[in-house]
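Chain by chain, the residues:
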Amino acid sequence: MKKRLTGLISRLPAICLVFVVAMISGSSISAFAEGTNTEYQIKFQDGIHYLPDADASDGKIILYCLNNKSNWPHSIPGNITEEQVPFYIDGYLTADDFSSEEEYRECMNRLSAILYAGYPHNALRLYQIRSEGYVLTEDDFNSLLVVPNNLRADFDSSLGDTIFTYADYTDNNTDNLNKLHRFLVDLGELFPDGRTESGLSYGDITAMPFYKAAFCMDSADEKQTPLQVFGAMYGGIYYVTEEQACNATQNAVWKLMYSYGVADNDMHDISSTPLGEILLEVSKTAEILKVEPEEKEVQIHSVSDDYTFTYNPEDKLWYSDEFRISENSSYNGEYVFRNLPSGITVITEHGGNYVHEGEMFYFVSNHSPEGDEKITITCNQKWMRDLRQYSPKKTESGEDVIINGKKFQNMAGALVFEKNLSFDMILSNDETISDSTGDTATTEPPDSVGQSESSAPGNNNMQTGDTEVIGLYIAAAVISLIGIASIFVRKGNGK
């Protein structure tokens, strides 16, 4: 028995997915590059440097040091007093400090990416904070084994639409294990400078959580489980403490400065903080969202263009079609299902109540879905407005402040915001609904669906094998529009 799902109604005018590469690629790297008269006293608390900043979402901007051979910008008992620490002013590196404008922009873009992806923002989801560092369960591992959508397309012959789980190892599922091995072999052919059709490099992919999980599945044997391999290989990379994430970010910044010849730097080895090495590698190609995110840049799709609930007489449950979410290429959202109606659950590839772009999900109901039931999907999307730099104020005679034979470090921070995106999928008995503009949206099913009111339950039941089809429509033509997604229940002649 099927019930048709009907229509997405946008809070905004109907706009299809638009890539805003032109807006995103522009980086605010020159902001505050020229010094102003504003003076700042850098704060230091719990190992973190920061400045109070009214523009920041939490009232402060986290700062990282840019010259590892110089003094820390805080007092150190027996070494530097609070009175000796200079005030700071806006600005530090400019194009004049590099061999070319291109090199300057490249360095600033990579610095922005490290701060954007590093602690505390983690905008690219490269790690997870755990109070005691590495602790991994099978459920955690399954969440890592979810294949990003672009990898499925780039490695279609090995990954395709396969769902991988930790049980592939425990049950010795050789088909899936061989697919993971094939993926790793194909990936190796990209080393060192190759790219996939979607533009991913070898380094981009090896930085992904999925790669780490796939490698551990392929490396495990009877003596060592994938969880044990992960602990040995990546225990200090993906699951880290706040202190580890902060240190990794700082070391990545220092090594970046050293690699571009910025003065007072000699940090050439950061192998002690492997997450730092990941951040440094990812900074070469990472896309940073530089404009405020909008709902219209996200789409919800039915995988098979079938917007129905199907009744299964064996378990007496109703099943929706599979859905996936796609988003702007610079988004990196985690979409969480909230406020599910009683009796309706969401099924995801990893078993959690959230999905990322390209991950499959569907709904299961223990009752015939009724009107006015709502499913809310939310996403807290990070975006970066500015890269800010600060330098120690010079003495009245124009000299650098020198303590114990060293200058003080210059500093940098990223002004990163988080915006909540929200989408409502509503079950309604009405055949029409008004969007935010007051316009009325139709809920007629698309011709390709091929069902009519006569397929509703009651005297006009239409049997399709063991499946009974009911008229519960969702307009496929507007399913890609974003805002309030409405699933309309269109009643027939009874239940």
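Scroll up a little and you will see the structure.
What comes next concerns the included structure.

What counts as what
Residues numbered from 1 in each chain as written. Predicted model: local features only at pLDDT ≥ 70, side-chain atom pairs only at ≥ 80, totals over all residues. Heavy atoms only, no water. Helix = DSSP H or I, 4+ residues; strand = E, 2+ residues; numbered from the N terminus. Buried < 20%, exposed > 50% of the residue type's maximum accessible area, 1.4 Å probe, protein only. Axes fitted to C-alpha atoms, helices over the stretch in contact; angles between N-to-C directions. Parallel < 35°, antiparallel > 145°, perpendicular 65-115°, else oblique. Left-handed = near helix turned anticlockwise from the far one by under 90°. Contact = heavy atoms within 4.5 Å. Nonpolar A, V, L, I, M, F, W, Y, C, P; charged D, E, K, R; others polar. Core = buried A, V, L, I, M, F, W, Y, C linked by side-chain atoms within 4.5 Å. Phe/Tyr/Trp six-rings, centres within 6.5 Å; stacked < 30°, edge-to-face > 60°. Lys NZ or Arg CZ within 6 Å of the ring centre and 35° of its normal.

Quick word on unusual backbone geometry
So, point 1. Here the bond from Tyr-119 into Pro-120 is cis, since omega is 5°, no more than 30 degrees from zero.
So, point 2. Tracing the backbone shows Pro-120 in the loop between helix H2 (101–117) and strand E7 (128–129).
So, point 3. A cis geometry characterises the amide bond from Phe-191 onward to Pro-192, with omega recorded as 0°.
So, point 4. In this structure, Asn-339 is a non-glycine residue whose phi angle is positive, near 55°.
So, point 5. On the accessibility criterion, Asn-339 (60% relative accessible area) is exposed.

Details of the packing of helix H10 (residues 242–259) against helix H11 (residues 274–282)
So, point 1. As a packed pair, H10 and H11 sit with axes 8 Å apart at the nearest point and diverge in direction by 50°. Relative to H11, H10 is oriented oblique. Relative to H11, the crossing made by H10 is right-handed. Of H11, the residues touching H10 (which contributes Ala-245, Ala-248, Thr-249, Ala-252, Lys-255 and Leu-256) are Leu-275, Gly-276, Leu-279 and Leu-280.
So, point 2. Partitioned by chemical class, the residues of the contact of H10 with H11 number 7 nonpolar, 2 polar and 1 charged.

Focus on the nonpolar core
So, point 1. With 119 residues, the main nonpolar core has Leu-111, Phe-141, Leu-151, Phe-183 and Phe-210 as its most contacted residues.
So, point 2. If near-sequence neighbours (up to four positions away) are discounted, Phe-141 is found in contact with Leu-136, Tyr-166, Ala-213, Cys-216, Met-217, Pro-226, Leu-227 and Phe-230.

Overview of the packing of aromatic side chains
So, point 1. Within the structure shown, the criterion is met by 24 aromatic pairs.
So, point 2. Consider the rings of Phe-323 and Phe-363, whose centres lie 6.4 Å apart with planes at 50°: the pair is tilted. Here the residue Phe-323 occupies a position in strand E12 (residues 323–327), and Phe-363 occupies one in strand E16 (residues 361–365), the gap between them amounting to 40 residues. As far as burial versus exposure is concerned, Phe-323 and Phe-363 are alike and both buried.
So, point 3. When the centroid spacing of 5.8 Å and the interplanar angle of 75° are considered together, the rings of Phe-361 and Phe-363 count as edge-to-face.
So, point 4. Classification of Phe-361 as buried rests on a relative accessible area of 0%.
So, point 5. Residue classification places Phe-363 among the buried residues on the basis of a relative accessible area of 1%.
So, point 6. One aromatic cluster is present, formed by Phe-141, Tyr-166, Tyr-169, Tyr-211, Phe-215, Phe-230, Tyr-234, Tyr-238 and Tyr-239 through successive ring pairs.
So, point 7. Above the plane of the ring of Tyr-50 lies Lys-60, whose end atom (NZ or CZ) is 4.7 Å from the centre.

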